[in-house]
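As a plain string of letters, each chain reads:
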Amino acid sequence: MSAVSDRLPAFPWDKLEPYKKTAAAHPDGIVDLSVGTPVDPVPELIQKALIDAADSPGYPTVWGTPALRDAITGWVERRLGARDVTHRHVLPIVGSKELVAWLPTQLGLGPGDRVAYPRLAYPTYEVGARLARADHEVYDDPTDLDPAGLKLLWLNSPSNPTGKVLSKDELTRIVAWARSHGILLFSDECYLELGWEADPVSVLHPDVNGGSYDGIVAVHSLSKRSNLAGYRAAFLAGDPAVLSPLLQIRKHGGMMTSAPTQAAAVAALGDDEHVRLQRDRYAARRTALREALLRHGFRIEHSEASLYLWATKNESCWTTVSTLADLGILVAPGDFYGEAGAHHVRVAFTATDERVRAAVQRLT
């Protein structure tokens, strides 16, 4: 066990604990904007689907029920513009984080193989490479990478933490480059339905992939769009030649989504109205926090999508974290996501309306 854990970096969120204590000591309580965890209720139609499936004594299947596969294929065609998607093109997963962490291992990568991800990125991309003992590196433009030995290329649009969105032309260029070098491309699109000043595009769109899913897989989650972080419901869509062996591996590993969660996911993917309502909530919180941060002297960069504002005062991110903690506001330091974030903080707008109002008042 120690040999595995020794491969991993220190868990970054532990470093935030002293600042969390400071923020929690505020007379009006903490406003926690550090983690993008949903706080609004799970929509009733999803709760009902979960309850109706509660009597599920048998084992669920890793590939999911036919109803779930139908829901996923229907959603990627309706929402992402994908074409000719069959059950072979989709695979349910137990939340997106376990996929990111274990994908290099499940792909059989190891020493000498390279995994690449954005310079500012979700830390689990690196964790996944370390667990597999693969080499890892960051990029600004992936097409500048040396393709030799590069086995897995992660895209993340909209980005966590910056909220940056890759344009259709950029995605098309990157997909073509990866294919020309035989590099497997996984696109983390978990925030795709949360575009504010941009309309995010999926690598599954035919304008991007030329009507072929060869060598590309998209990762999607119901955690943010449907408030289902506690359900662990996500899925992959893309190249069947990649998904088929992953399905076999995950069968052997017992990596299956619970039957009630599968039923809930069917309901979530079949309804767009609850997503619109949740977007409206987030849009109002985003506007309020953005204006308050700007008045307080922050500069907001990118942030055209996702659930975060990427903010800076041109000082150490830890200085900013400390100053805001004194106001009872907890944010995430930018260096959690890479050295390039050393002068930024990530501000989530997933707090309740009441807590967002409290943060705005403290920033005024």
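Position numbers for residues start from 1 in each chain and track the written sequence from start to end. Only residues with pLDDT of 70 or above have their local features reported here, since the model is predicted, and side-chain atom pairs are shown and tallied only from 80 upward, although totals for entire chains, interfaces and linings are computed over all residues. To obtain the side-chain values, all non-hydrogen atoms of the structure were included, while hydrogens and water were left out.

Caption draft 1: Inspection of the overall build of the protein at higher detail. To qualify as a helix, a DSSP run of H or I must reach at least 4 residues; to qualify as a strand, a run of E must reach at least 2; elements of each kind are numbered from the N terminus. Regarding its fold elements, the protein presents 13 helices and 13 strands. Taking 21 Å as the expected radius of gyration for a compact globule of 364 residues, we find that the protein reaches 20 Å, a close match to that expectation. With the C-alpha coordinates aligned to their principal axes, the bounding extent of the protein is approximately 55 × 50 × 45 Å. Sorting the 364 residues of the protein into buried and exposed places 54% on the buried side. Residues are treated as being in contact if the distance between any of their heavy atoms lies within 4.5 Å. Taking the intrachain contacts of the protein between residues at least 6 apart in sequence as the baseline, contacts between residues at least 24 apart amount to 75%. Element-wise, carbon and sulfur atoms account for 53% of the exposed surface of the protein, whose accessible area totals about 15,200 Å². When charges are counted, Lys and Arg are positive and Asp and Glu negative, with His and the chain ends excluded. The atom standing in for a charge is NZ when the residue is Lys, CZ when it is Arg, CG when it is Asp and CD when it is Glu. For the protein, the centre of its 38 positive side-chain charges and the centre of its 44 negative side-chain charges are spaced 2 Å apart. Radius of gyration: over C-alpha atoms. The globule rule applied is 2.2 Å multiplied by the number of residues raised to the 0.38 power. Partly exposed describes any residue whose relative accessible area lies between the buried limit of under 20% and the exposed limit of over 50%, with all areas from a 1.4 Å probe on protein chains only and scaled to the type maximum. Here the accessible surface of atoms and residues is derived via Shrake-Rupley with a 1.4 Å probe, and residues count as covered only by protein chains that are part of the display.

Caption draft 2: Up close: the nonpolar core. The set of buried Ala, Val, Leu, Ile, Met, Phe, Trp, Tyr and Cys residues whose side-chain atoms join them within 4.5 Å is what this entry labels a nonpolar core. If you look at the biggest cluster of nonpolar residues, it comprises 68 residues, and the most contacted ones within it are Leu33, Trp154, Phe186 and Leu236. Excluding residues within four positions of it along the chain, Leu33 makes contact with Leu289, Ile329, Leu330, Val331, Arg346, Val347, Ala348, Ala351 and Ala359. Leu145, Val175, Phe235 and Leu269 belong to the second largest nonpolar core, which has 43 residues in total.

Caption draft 3: Main features of helix α4 (residues 66-80). Multiply 1.5 Å by the residue count of a helix minus one, and that product is the helix's expected span. The terminal C-alpha atoms of α4, which comprises 15 residues, lie 20 Å apart, in line with the 21 Å expected from a rise of 1.5 Å per residue. Every buried residue of α4 is listed here: Leu68, Arg69, Ala71, Ile72, Thr73, Trp75, Val76 and Leu80. Tucked inside the fold, the buried residues of α4 contact β2 (90-93), β7 (216-221), β8 (234-238) and α10 (259-269).

Caption draft 4: Spatial organisation of the packing of aromatic side chains. A pair of aromatic rings is counted whenever rings of Phe, Tyr or Trp (Trp by its six-membered ring) have centres within 6.5 Å, and the orientation is called stacked for planes under 30 degrees apart, edge-to-face for over 60 and tilted otherwise. Summed over the entire model, instances satisfying the criterion amount to twelve aromatic pairs. Ring geometry for Tyr122 versus Tyr125: centroids 5.7 Å apart, planes at 85°, classification edge-to-face. In terms of burial, Tyr122 and Tyr125 fall into one category: buried. Between Trp154 and Phe186, the aromatic rings sit 5.6 Å apart at their centres with planes inclined by 65°, giving edge-to-face as the arrangement. Linking Trp154 in strand β5 (residues 150-156) with Phe186 in strand β6 (residues 184-188), this pair joins segments that are 32 residues apart in sequence.

Caption draft 5: Examining the side chain of Thr350 more closely. In this structure, Thr350 sits in the loop between β13 (344-348) and α13 (353-363). Classification of Thr350 as buried rests on a relative accessible area of 2%. Separated by 3.4 Å, the side chain of Thr350 and the backbone oxygen of Thr37 make a polar contact. When near neighbours in sequence (up to four residues on either side) are disregarded, Thr350 contacts Val35, Gly36, Thr37, Val39, Tyr282 and Leu307. Two N or O atoms count as a polar contact when they lie within 3.5 Å, although within protein this holds only if one can serve as hydrogen donor and the other as acceptor, and sequence-adjacent residues are included solely when both atoms are side-chain atoms.

Caption draft 6: Summary view of the sheet that holds strand β9 (residues 299-301). Strand pairing is defined by DSSP finding a minimum of two bridges between the two strands. Pairing within the open sheet is antiparallel, and its four strands lie in the order β9-β10-β13-β12. Each edge of the open sheet carries a strand with a single partner, namely β9 and β12 (332-333). In this structure, β12 lies alongside β13, joined through two bridges in antiparallel fashion. For Ala332, the partnering residue across the bridge sits in β13 and is Arg346. Axis lines are fitted to C-alpha atoms, over the contacting stretch for helices. Their N-to-C directions set the angle, which ranges from 0 to 180 degrees. Relative to the sheet, helix α11 (residues 273-295) contacts β9, β10 (308-312) and β13, its axis offset from that of β10 by approximately 5°.

Caption draft 7: A look at the packing of α11 against α13. The contact between α11 and α13 brings their axes to 9 Å, and the two run at 15°. As judged from the angle between their axes, α11 and α13 are roughly parallel. When you trace α11 past α13, the crossing you get is left-handed. Here Arg285, Ala288, Leu289, Ala292, Leu293 and Arg295 of α11 lie close against α13, whose contacting residues are Asp353, Val356, Ala359, Val360 and Leu363. Split into classes, the residues belonging to the contact of α11 with α13 amount to eight nonpolar, no polar and three charged. By the definition adopted for this analysis, an angle is roughly parallel if under 35 degrees, roughly antiparallel if over 145, roughly perpendicular if from 65 to 115, and oblique otherwise. Throughout, a crossing is termed right-handed when the near helix is turned clockwise from the far one, and left-handed when it is turned anticlockwise from it by less than a right angle. The classification used treats Ala, Val, Leu, Ile, Met, Phe, Trp, Tyr, Cys and Pro as nonpolar, Asp, Glu, Lys and Arg as charged, and all other residues, Gly among them, as polar.

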